[in-house]
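Now for the letters of each chain:
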Amino acid sequence: MEKIKSENYLINERIRWFIKLRWLAILGIVGAVYIADKIIAIPLPALRLYGVAVFLVIYNTFFSFLVFKPQAKTSKGLVWTNSIAHAQIALDLLSLAFLIHFSGGIENPFIFYFIFHMIIASILLSRRGAFLQATYAIFLFLFLVFLEYQGYIAHYCLKPVVPYCLHKETFYIFSVSVVFISTLYIAVYMASSISKQLKERERNLEKANKLLNEKDRIKSEYVLRVTHDIKEDLSTIQSCIEPVTEGITGQLNEKQLNLLQRAKKRSKSLIFYVNALLGITKMKLDKKFKTENFSFPQLIQDITENITPRARNKNIEFTVDVDSSIQRIEGVRVYIQESILNILANAIKYTPKGGKVSLKLTDKENSFLIKIEDNGIGIPEDELEYVFDEFYRAQNAREQEKLGTGLGLAIAKQVIERHKGKIWVESKKGEGTIFYIELPKQI
Amino acid sequence: MAKILIIDDDPDLIESMRVVLESKGYEVISAESGEEGLEKQKKQKPDLIVLDVMMPKMDGFETARAIKKTGNNTPVLMLTAIKDKMGLDFKNSAGDPDWLPVDDYCEKPLDKGSLIAKIEKLLSSS
């Protein structure tokens, strides 16, 4: 089912492109007729040619309406899309036959424009469908030539471009027809071969992509299990160390206490790491994403209360600015809170004492923009693109702080993208960093 | 002093809690499975039960329900590593499939201070 749907979607996309192309073609026709009529002054039935252009406008409008309707994308099946493609190509060929007829018939070198439709048919339709359209085009062409040859319909000579009327020259008609017919069939053969290969490749890519996603899921489940088990043991280790360090089991000497405190600190940082890994992995596996409606200023308030003491410890000036119009937001509160906290905690961590960190929340038309700025150590330019990667830590960050998970920004990115928002960063090494988060008002 | 029953499949964790709780003067008894815990709470009548969620065979949820079904109103403090920020919705009415008759919970890794505070609070209100 999935395959058909996406194939259908692709054909739909191409039909849209085809419709846009037709608008251009109509402009081209009108322009060419105008030049032929007014500038080169070829005696052509210009009104009838414009009439064909009007016919094109009418059915292109009709197809636009059918295809660009919002529900058209998914509601109809492959058969419906195919019929639309067939109908458009058939109408185009008919229009082209009329255009050719009104502008010199077999003398008109534009007869080779039929090839374009053969290529489009090969892309949009099955190989059989494309050959069917080629046969139809050939029938139209031969029928037209025959009617003009027999004098059943008028022939419009192309004088002075072509000095003689050629529509009764049997040998000329024969040779042009042979070349025309073979050209169309060969064009369809070549184009549909390439198109078939491309379609196959698309299918294979899709399959490979599915497989990769599945493998990624298995990997995440594995990570989840392992981290969960590690966390259990770590928690117990911590619970055992703690009473001893606090002297509950009796007084410790300075050396014992020193080592135990180191062990405690490291187990704590490992738990923090494991928790971060658990968090990001759980989110990856969490298919349902339950959002709630909550007060955004309240969230910022909570975050501020969390960050202010840390800022004060380093004598960093921390300012918060929230647009007064901002009220509520739709999303997963704990996730958004964690993301903003992660970035702010980084800002504090990597800004020297006495520096500045600011959080600014602006109300945009359809979104909220969160700007977190610091004048800290910054991120080297060549590392900017990696900072959202899992486990990545910039060189200067590692030099300054040995401990760190490299997961904070990866979590933030994951959270923001799950909310259909955007997160990006601007930074200059040694000058500071600005993180931007844009969260849409409607998810 | 009050008697506390710890039910947890991790003997090391029990031991660490025992040290802490005994230092506060509580009497500590322990069980390493839900079944054993049920037996001990019937026989030894603890004043409070500290109960782990994740246990093989009979887990904390089942154990808590089984305890309350006997009509016993001993307060239960649940230890959990899964009721993290994600919010595991504990329902408090009997009959609900998610019914979890516990009085409070503590997150793992355990914070000694809040563990003791919660125990004191539950004991003083019961």
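The rules we used
- Residues numbered from 1 in each chain as written.
- Chains lettered and ligands numbered in written order.
- Predicted model: local features only at pLDDT ≥ 70, side-chain atom pairs only at ≥ 80, totals over all residues.
- Heavy atoms only, no water.
- Axes fitted to C-alpha atoms, helices over the stretch in contact; angles between N-to-C directions.
- Helix = DSSP H or I, 4+ residues; strand = E, 2+ residues; numbered from the N terminus.
- Parallel < 35°, antiparallel > 145°, perpendicular 65-115°, else oblique.
- Left-handed = near helix turned anticlockwise from the far one by under 90°.
- Nonpolar A, V, L, I, M, F, W, Y, C, P; charged D, E, K, R; others polar.
- Core = buried A, V, L, I, M, F, W, Y, C linked by side-chain atoms within 4.5 Å.
- Buried < 20%, exposed > 50% of the residue type's maximum accessible area, 1.4 Å probe, protein only.
- Contact = heavy atoms within 4.5 Å.
- Patch = residues over 30% accessible without salt bridge, like charges linked within 9 Å, V, L, I, M, F, W, Y side chains within 5 Å.
- Areas by Shrake-Rupley, 256 points an atom, 1.4 Å probe, with all protein chains shown as cover.
- Salt bridge = Lys/Arg side-chain N within 4 Å of Asp/Glu carboxyl O.
- Lys, Arg positive; Asp, Glu negative; His and termini not counted.
- Charge placed at Lys NZ, Arg CZ, Asp CG, Glu CD.
- Phe/Tyr/Trp six-rings, centres within 6.5 Å; stacked < 30°, edge-to-face > 60°.
- Lys NZ or Arg CZ within 6 Å of the ring centre and 35° of its normal.
- Arc of directions from axis to C-beta.
- Polar contact = N/O pair within 3.5 Å; in protein donor to acceptor, adjacent residues only side chain to side chain.
- Disulfide = S-S within 2.5 Å.
- Pairing = 2+ DSSP bridges.

Enquirer: Please explain the packing of helix α7 (residues 170–245) of chain A against helix α8 (residues 254–285) of chain A as it appears in this structure.
Expert: When two helices pack together, their arrangement is captured by the angle between the axes and the distance separating the axes. Residues and elements named next belong to chain A. Closest axis-to-axis distance for the α7/α8 pair is 8 Å, and the angle between their directions is 155°. Here α8 runs roughly antiparallel to α7, going by the angle between their axes. Relative to α8, the crossing made by α7 is left-handed. A class-by-class count of the residues in the contact of α7 with α8 yields 15 nonpolar, 10 polar and 9 charged.

Enquirer: Can you help me understand the nonpolar core in this one?
Expert: What tends to happen in soluble globular proteins is that the nonpolar side chains get buried as a cluster. Residues and elements named next belong to chain A. Formed by 55 residues in total, the largest nonpolar core has its most connected members in Ile15, Ile89, Phe114, Met118, Leu124 and Leu184. Sorting the residues of this core by element identifies α1 (2–39), α2 (46–68), α4 (78–102), α5 (114–124), α6 (127–150) and α7 as the ones contributing at least two each. Those residues in contact with Ile15, other than ones at most four positions away along the chain, are Val67, Thr81, Ile84, Ala85, Gln88 and Leu124. Ranked by size, the runner-up nonpolar core spans 50 residues in total, among them Val357, Leu359, Leu409 and Phe435.

Enquirer: So what exactly am I meant to see when it comes to a nonpolar patch on the surface here?
Expert: Taken together, Tyr34, Ile35, Ile39, Ile40 and Val161 of chain A make up a surface patch of nonpolar side chains, about 490 Å² in accessible area. One can find Ile39 of chain A in helix α1.

Enquirer: How should a negative patch on the surface be read in this particular structure?
Expert: A grouping of Glu381, Asp382, Glu385 and Asp389 of chain A is seen on the molecular surface, where their side chains present a negatively charged patch. Along the polypeptide, Asp382 of chain A turns up in the loop between β5 (367–374) and α11 (395–400).

Enquirer: Can you walk me through the environment of Ser177 of chain A in this structure?
Expert: Residue and element names in this part refer to chain A. With respect to the element layout, Ser177 can be found in helix α7. Taking the relative accessible area as the measure of exposure, Ser177 reaches 8% and is therefore buried. For the pair Ser177 and Phe141, spaced 36 residues apart in sequence, the C-alpha to C-alpha distance is 8.4 Å. Once you skip the residues sitting within four places of it in the chain, Ser177 turns out to touch Phe141 and Leu142.

Enquirer: Is there a simple way to think about the pattern of salt bridges in this case?
Expert: Think of it this way: side chains of opposite charge can pair up when their charged atoms draw near. All names here are of chain A. Throughout the structure, instances matching the rule amount to 16 salt bridges over all chains. Salt-bridge contacts for Arg217 lead to Glu214; the nearest nitrogen and oxygen are separated by 2.8 Å. Remark: Glu214 and Arg217 occur in helix α7; sequence separation between them is 3 residues, near one turn of the helix. The partly exposed category is assigned to Arg217, whose relative accessible area is 28%. Connected through salt bridges with shared partners, the residues Glu214, Arg217 and Glu221 form a single ionic network.

Enquirer: Help me understand the packing of aromatic side chains in this model?
Expert: How two aromatic rings sit relative to each other is set out by the distance from centre to centre and by the angle between their planes. Summed over the entire model, instances satisfying the criterion amount to 18 aromatic pairs over all chains. Measuring from centroid to centroid gives 4.9 Å for Phe110 of chain A and Tyr113 of chain A, while their planes differ by 85°, and the two rings are edge-to-face. Taken together, the ring pairs in this structure connect Phe55, Tyr59, Phe62 and Phe63 of chain A into an aromatic cluster. Over the face of the ring belonging to Phe18 of chain A we find Arg22 of chain A, whose NZ or CZ atom lies 4.6 Å from the ring centre. Against the face of Tyr105 of chain B rests Lys118 of chain B, its NZ or CZ located 5.6 Å from the ring centre.

Enquirer: Would you take a moment to explain helix α3 (residues 60–69) of chain B for this structure?
Expert: Residue and element names in this part refer to chain B. Buried within α3 are the following residues: Gly60, Phe61, Thr63, Ala64, Ile67 and Lys68. The arc enclosing the buried residues of α3, seen along the axis, measures out at 165°, which places them on a common side. Structurally, α3 contributes buried residues whose contacts are with β1 (3–7), α2 (34–44), β3 (48–52) and β4 (76–80). The opening residue of α3 is Asp59, an N-cap whose side-chain oxygen sits 3.1 Å from the backbone nitrogen of Phe61. Gly71 sits one or two residues past α3 and shows a positive phi near 85°.

Enquirer: So what exactly am I meant to see when it comes to the state of the cysteines here?
Expert: Taken as a whole and assessed by the stated rule, the structure comprises 1 disulfide over all chains. Put simply, Cys157 of chain A and Cys165 of chain A are joined by a disulfide, and their sulfur atoms are 1.6 Å apart. With the S-S bond torsion at 120°, the cross-link from Cys157 of chain A to Cys165 of chain A turns out right-handed. For Cys106 of chain B, which is in no disulfide, the shortest distance to another cysteine sulfur is to Cys240 of chain A and amounts to 16 Å. Here Cys106 of chain B falls in the buried class, since its relative accessible area comes to 2%.

Enquirer: Help me understand the sheet that holds β3 of chain B in this model?
Expert: In a beta sheet, neighbouring strands pair by backbone hydrogen bonds and run either parallel or antiparallel. Residues and elements named next belong to chain B. Reading across the sheet, the 5 strands line up as β2-β1-β3-β4-β5 and stay open at both edges, with parallel pairing between neighbours. With partners counted over all chains shown, the strands left at the sheet margins are β2 (27–31) and β5 (104–107), one partner each. In this sheet, neighbouring strand axes are inclined to one another by 20° on average, regardless of whether the strands run parallel or antiparallel. Strand direction decides the pairing type here: β1 and β3, joined by 4 bridges, are parallel. Within β3, the residue paired with Ile6 across the bridge is Val50. The strands touched by α3 within the sheet are β1, β3 and β4, with β3 carrying the most contacts at an inclination of about 155°.

Enquirer: Teacher, can you tell me more about the pairing of β5 of chain A here?
Expert: Two faces belong to every sheet, and in a regular strand the side chains alternate between them. Residues and elements named next belong to chain A. Judged by how many residues are buried, β5 sits mostly within the fold: 6 of 8 residues are covered. With 7 bridges connecting them, strand β4 (residues 356–363) and β5 associate as antiparallel partners. Following the sheet pairing, Lys360 is matched in β5 by Lys371. Hairpin connection of β4 to β5: 3 residues between the antiparallel strands. Where β5 lies against strand β7 (residues 432–440), 8 bridges are found, and the strand directions are antiparallel. Each bridged residue has a counterpart across the sheet, and for Leu369 the counterpart in β7 is Glu438.

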